[in-house]
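This is what each chain is made of:
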Amino acid sequence: MIQDEEHGKRLAQNLVELLAPYEEELILLEREAPVFASLRRAVGIAMAEACYVISDLPSPQANLVPPADGLSNQEQ
């Protein structure tokens, strides 16, 4: 598992940049041969997962620790 969040984001960005041209080609190929649909979807899912890593969403572990002031998000 990747410990450095910024390093993980850079790797995910590289993956998106690498896969984007392939997805575009697969879209064109899928029009001529629908058999490529599953491969195009798989590449799209991989890109979506990478975009999720790149996004500024808080780390899932950030929600595991209660706030220092003792108030939960619902109580504020």
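Residues numbered from 1 in each chain as written. Predicted model: local features only at pLDDT ≥ 70, side-chain atom pairs only at ≥ 80, totals over all residues. Heavy atoms only, no water.

Novice: Is there a simple way to think about the pattern of salt bridges in this case?
Specialist: Opposite charge on two side chains permits pairing when their charged atoms draw close. If you walk through the whole model with that rule in mind, you get 2 salt bridges. Ionic pairing is found between Glu5 and Lys9, a salt bridge with its closest N-O pair at 3.8 Å. With a gap of 4 residues between them, Glu5 and Lys9 both fall in helix α1 (residues 5–32), about one helical turn apart. The partly exposed category is assigned to Glu5, whose relative accessible area is 47%. Taking the shortest distance from any N to any O, the salt bridge between Glu30 and Arg40 comes out at 2.4 Å. Note that Glu30 is positioned in helix α1 and Arg40 in helix α2 (residues 37–54), a separation of 10 residues in sequence. (Salt bridge = Lys/Arg side-chain N within 4 Å of Asp/Glu carboxyl O. Helix = DSSP H or I, 4+ residues; strand = E, 2+ residues; numbered from the N terminus. Buried < 20%, exposed > 50% of the residue type's maximum accessible area, 1.4 Å probe, protein only.)

Novice: So what exactly am I meant to see when it comes to the environment of Lys9 here?
Specialist: Under the relative-accessibility criterion, Lys9 is labelled buried at 15%. Along the chain, Lys9 and Cys51 lie 42 residues apart, while their C-alpha atoms are 8.7 Å from each other.

Novice: Please explain the packing of α1 against α2 as it appears in this structure.
Specialist: In a packed pair of helices, the relevant descriptors are the angle between the two axes and the axis-to-axis distance. At a closest axis distance of 8 Å, the pairing of α1 and α2 adopts a crossing angle of 155 degrees. When the axes of α1 and α2 are compared, the pair comes out roughly antiparallel. Remark: the crossing between α1 and α2 carries left-handed chirality. Along its contact with α1, which presents Gly8, Lys9, Ala12, Gln13, Leu15, Val16, Leu19, Ala20, Glu23, Leu26, Ile27 and Glu30, the element α2 presents Ala37, Leu39, Arg40, Val43, Gly44, Ala46, Met47, Ala50, Cys51, Val53 and Ile54. Taken together, the residues that form the contact of α1 with α2 break down as 16 nonpolar, 3 polar and 4 charged. (Axes fitted to C-alpha atoms, helices over the stretch in contact; angles between N-to-C directions. Parallel < 35°, antiparallel > 145°, perpendicular 65-115°, else oblique. Left-handed = near helix turned anticlockwise from the far one by under 90°. Contact = heavy atoms within 4.5 Å. Nonpolar A, V, L, I, M, F, W, Y, C, P; charged D, E, K, R; others polar.)

Novice: Could you clarify how one ought to interpret the nonpolar core in this entry?
Specialist: General note: in soluble globular proteins, nonpolar side chains tend to be found buried as a group. In this structure, Ala12, Val16, Leu19, Leu26, Val43, Met47 and Ala50 together form the largest nonpolar core, which totals 7 residues. Elements that contribute at least two residues to this core include exactly α1 and α2. If near-sequence neighbours (up to four positions away) are discounted, Met47 is found in contact with Val16, Leu19, Ala20 and Glu23. (Core = buried A, V, L, I, M, F, W, Y, C linked by side-chain atoms within 4.5 Å.)

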